[in-house]
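Descriptive structure summary
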Amino acid sequence: MNDILLTVKGLKKSYGAVEVLKDISFDLRRGETLSLIGPSGSGKSTCLRCVNYLEKPSGGEIVLEGEHIGRVRTGDGRERTMTDRELAPQRSEIGMVFQLFYLWPHLTVRDNVALASIKSGRLSKAEAYELAEAMLEKVHLRHKAHEYPERLSGGQQQRVAIARALAQQPKLILFDEPTSALDPELVGEVLGVIRELAEEGRSMILVTHEIRFARDVGDRVIFMDGGVIVEQGPAADVINHPAKERTRAFLGQVGHGASSIVRAA
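Residues numbered from 1 in each chain as written. Predicted model: local features only at pLDDT ≥ 70, side-chain atom pairs only at ≥ 80, totals over all residues. Heavy atoms only, no water.

1. Here we look at the nonpolar core
A general trend in soluble globular proteins is that nonpolar side chains are found buried together. Basically, it comes down to this: Buried Ala, Val, Leu, Ile, Met, Phe, Trp, Tyr and Cys residues form a nonpolar core when they are joined through side-chain atoms within 4.5 Å. Summary of the burial criterion: residues with accessible area below 20% of their type's maximum are buried, those above 50% are exposed, and those between are partly exposed, where the area comes from a 1.4 Å probe applied to protein chains only. Every helix listed is a DSSP run of H or I at least four residues long, and every strand listed is a run of E at least two residues long, numbered separately from the N terminus.
Formed by 38 residues in total, the largest nonpolar core has its most connected members in L136, V139, V160, I162, F175 and I194. Breaking this core down by element, the ones donating at least two residues are helix 3 (109–120), helix 4 (125–138), helix 5 (154–167), strand 9 (172–176), helix 6 (184–200), strand 10 (204–207) and helix 7 (211–217). For this core, the element with the highest residue contribution is helix 6, accounting for 8 residues. With 29 residues, the next largest nonpolar core counts L6, V8, C50 and I94 among its residues.

2. Quick notes on the sheet that holds strand 12 (residues 228–234)
How we decide: Pairing between strands is defined by DSSP: at least two bridges between the two strands are required. Here the axes come from fitting lines to C-alpha atoms, over the contacting stretch only for helices, and the angles between their N-to-C directions go from 0 to 180 degrees. Throughout, a residue-residue contact means that at least one pair of heavy atoms, one from each residue, lies within 4.5 Å.
The strand order across the open sheet built from 6 strands is 8-9-10-3-11-12, with neighbouring strands paired in mixed fashion. Of all strands in the sheet, those with a lone pairing partner are strand 8 (94–97) and strand 12, marking the two edges. Neighbour to neighbour, the strand axes of the sheet diverge by 15° on average, direction disregarded. Sheet topology places strand 3 (residues 33–37) next to strand 11 (residues 220–225); 4 bridges connect them, and they run parallel. Within strand 11, the residue paired with S35 across the bridge is V221. Of the strands in this sheet, strand 8 and strand 9 touch helix 5, which is tilted by about 170° from strand 8. Across the sheet, helix 6 touches strand 3, strand 9 and strand 10, and the angle it forms with strand 10 is around 150°.

3. Overview of the packing of aromatic side chains
The following threshold applies: A pair of aromatic rings is counted whenever rings of Phe, Tyr or Trp (Trp by its six-membered ring) have centres within 6.5 Å, and the orientation is called stacked for planes under 30 degrees apart, edge-to-face for over 60 and tilted otherwise.
Summed over the entire model, instances satisfying the criterion amount to 2 aromatic pairs. Residues F98 and Y102 carry aromatic rings whose centres are separated by 5.6 Å and whose planes lie at 85° to one another, so their mutual orientation is edge-to-face.

4. Description of the side chain of S117
The condition that has to hold: Polar contacts, as used here, are pairs of N or O atoms within 3.5 Å; protein pairs need one atom able to donate a hydrogen and one able to accept it. Residues neighboring in sequence count only if both atoms are side-chain atoms.
The topology assignment puts S117 in helix 3. Overall, S117 belongs to the buried group, its relative accessible area being 3%. Side-chain polar atoms of S117 contact the side chain of R122, separated by 2.8 Å. With residues near it in sequence (within four places) discarded, S117 still touches R122, L123, A128, L131 and A167.

Listed below in structure tokens is the structure:
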């Protein structure tokens, strides 16, 4: 069985004359956690959003388990971009956790997690609720199933967002700076859940400024700057012994003092 889950090859993204991504290429193995680090504006989040076609790439290809994401071949042998309807089954295989939580305020926590499964018809209502409660248990929030988002802390709301992504039963989970909108004292509980998912062998790509967490939890790290990959390799090697001067300068500037990692309570 092929060990490669995701292949990103020659990925490019431009906004007018501005090149945000320039020929990005990497693989992700099954069960691997890949951390993307780098300064603000380096293209990390744009790269992540291109993987599930929230942003349409300007060039390159994205392949998940042998299937080209976002592109379909027509009868005359040409390729075109899929419609949102055509993309929906592919996107369901790629869970996404954003900086902000995007929970429905008028729905309970359980309903927020179960909604997509119910709307898609993939599961019955009873099955969707059972799965939602199991995913809430995984992020240590089953006891909050019948609360509304406004009654939760920011860290708890982000953990609900993670449960919602897990309820898709995706092949791949993308995290776009999941702790950047949180107060410092709430960061640890979210990172603790992500650590547990990594230990389970989930396939994940994480955009983060938490450098120590990227080193300790990530199997591999990619350092990006100016829309290109400057350096990539095993997490401990890249962060503890970077080969490139630009990587060393960045790490020297931000330091390795990420928030302490704790188990979610």
